[in-house]
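Commentary on secondary and tertiary structure
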Amino acid sequence: MVADAFREEWGRITAALIHQTGDWDLAEECAQDAFAQALRRWPRDGVPNRPGAWLMTVARNGAIDRLRRSSNYRAKVEELAVMATRDTGPDNPEPDPGDGGVPDERLRLIFTCCHPALAMEARVALTLRTLTGLSTAEIARAFLVPEATMAKRLVRAKHKIANARIPYRIPSASALPERVPGVLAVLYLVFNEGYAASAGDDLIRRDLCDRAVALTQVLGDLLPEEPEAKGLLALMLFHRARQASRVNDRGDLVTLEDQDRTVWDQAQIGLARSHLAAALSVGRIGQYQIQAAIAGCHAAAATPQATDWPRIARLYQRLADLTGSPVVELNRAVAVAMADGPAAGLALLRGLEADGALAGYYLLPATRADFLRRLGRNEEAASAYEEAAALVATGPERRFLTARLAEVRSQQR
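Residues numbered from 1 in each chain as written. Predicted model: local features only at pLDDT ≥ 70, side-chain atom pairs only at ≥ 80, totals over all residues. Heavy atoms only, no water.

**Considerations on the packing of helix α18 (residues 378-391) against helix α19 (residues 395-412)**
Their axes nearest at 9 Å, the elements α18 and α19 cross at an angle of 160 degrees. Between α18 and α19, the crossing angle belongs to the class labelled roughly antiparallel. Handedness of the crossing formed by α18 with α19: left-handed. For the pair α18 and α19, contact is made by N378, E379, A381, A382, Y385, E386, A388 and A389 and by R398, L401, R404, L405, V408, R409, Q411 and Q412, respectively. Broken down by class, the residue content of the contact of α18 with α19 amounts to 8 nonpolar, 3 polar and 5 charged. (Axes fitted to C-alpha atoms, helices over the stretch in contact; angles between N-to-C directions. Helix = DSSP H or I, 4+ residues; strand = E, 2+ residues; numbered from the N terminus. Parallel < 35°, antiparallel > 145°, perpendicular 65-115°, else oblique. Left-handed = near helix turned anticlockwise from the far one by under 90°. Contact = heavy atoms within 4.5 Å. Nonpolar A, V, L, I, M, F, W, Y, C, P; charged D, E, K, R; others polar.)

So, in structure tokens, the structure goes:
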């Protein structure tokens, strides 16, 4: 139950405390203490009727106690004490007249984190930490950087907000466009961490997917003229429609080629198509719209053989031209291999491997292993599967790679 409450309430509690105290570290520490108390007390005393309100009260009282030790924070103590007397909590948040019309405290947090004074990587990382409670290690894996590097980045971002006195509020309408890319990147990475977890025994974290979808819907309502918000929402819905088929009853990974397409959620696919069409009609094509178009190609294929791989390869080329991302180039290699054969894909991989940008990224050797397996070069494939299995961090993906390794080894005999 505490784990469920953490997923549901962490972002709301930290956002509310940051709003009231202006102290990011204090907010995180008090939220952590509240959940620690829940772990000790709920098994003994029972779960409160309103877990979120209980957690908010404990966290806020903890903040009051800490702030009372400093006379400089007397006004904040009085403000928090007044809030503590209100029977609201995160289950029933009161609207803030200065919130710019945003109906979710967490979106105020996202826009604060995405201030242009911060580097893009810092904006995304800080929001992932404070909004979802992802660990520094999880965020580091999402960015393909060492954990120590990410820890320093988070500390610098918090200091920058404090030193620059970045306000906790929604920017004016004229300033919104420069903040939107960072906000979209945050929501995209939150969804990706849910759709393909960076570590652990579960491949899918549905709570993160649902959280990202809900916040993207709110953002789309806030910015109805922003096509990339609609494109990102379409992308998320296309992927979420396939969620149920991505793992089997044992929790093992099922590849797109082997998924049962009859269980794909056609209602979500239809809604995704509608959002994508609305985005494309604006005439300002961006990376999320292109990614959604790729996902739409997969959703339109009734069978794996019906997939329009040449079109997907062209879309990935356009996406690569737009983003310069090595991960996009890796995905393009897969699409080219499906359209023109694994040898063509393998040729593209050589350039990526020589570049070194994806060193340590398990999908690079895993993709090479798959191409080699399809070419019948089983000894080389086995070596590549071993390399990938040593790098992967989730149980389902490790089991999948281990099974493939056993398969190619058996064909070597």
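On we go.
**A short note on the nonpolar core**
Counting 98 residues, the largest nonpolar core has I13, L17, L55, L109, I110, L187 and F238 as the members making the most contacts within it. Of all the elements, helix α9 (residues 176-195) adds the most residues to this core, at 11 residues. Ranked by size, the runner-up nonpolar core spans 24 residues in total, among them L349, F371, L372 and V408. (Core = buried A, V, L, I, M, F, W, Y, C linked by side-chain atoms within 4.5 Å. Buried < 20%, exposed > 50% of the residue type's maximum accessible area, 1.4 Å probe, protein only.)

**A closer look at the packing of helix α1 (residues 2-21) against helix α2 (residues 24-45)**
One way to put it is that α1 packs onto α2 with a least axis distance of 9 Å and a crossing angle of 145 degrees. Here α1 runs over α2; the crossing is right-handed. Of α2, the residues touching α1 (which contributes V2, A5, F6, E9, W10, I13, T14, L17, I18 and T21) are W24, L26, A27, E28, C30, A31, Q32, F35, A38, L39 and W42. Class assignment of the residues belonging to the contact of α1 with α2 gives a composition of 16 nonpolar, 3 polar and 2 charged.

**Re α9**
Taking 1.5 Å of rise per residue, 20 residues should cover 28 Å, and α9 covers 28 Å from first to last C-alpha, within 8% of that figure. For α9, the tally of buried residues reaches 15 of 20 residues, placing the bulk of the element in the interior. (Expected span 1.5 Å × (residues − 1).)

**What to know about the pattern of salt bridges**
Applying the stated criterion across every chain yields a total of 21 salt bridges. The closest approach of N and O atoms between R240 and D210, which form a salt bridge, is 2.9 Å. Placement of R240 in helix α11 (residues 227-241) and of D210 in helix α10 (residues 206-222) is noted, with a sequence separation of 30 residues between them. Take R240: its relative accessible area is 19%, and that puts it in the buried class. For D210, a relative accessible area of 38% puts it in the partly exposed group. In this structure, the salt-bridge partner of R373 is E407, at a minimum N-O distance of 3.8 Å. Of the two residues, R373 is situated in helix α17 (residues 363-374) and E407 in helix α19; the sequence distance between them amounts to 34 residues. Exposure remark for R373: the relative accessible area of 17% places this residue in the buried category. One connected set of salt bridges, linked through shared partners, spans E257, D370, R373, R374, R404 and E407. (Salt bridge = Lys/Arg side-chain N within 4 Å of Asp/Glu carboxyl O.)

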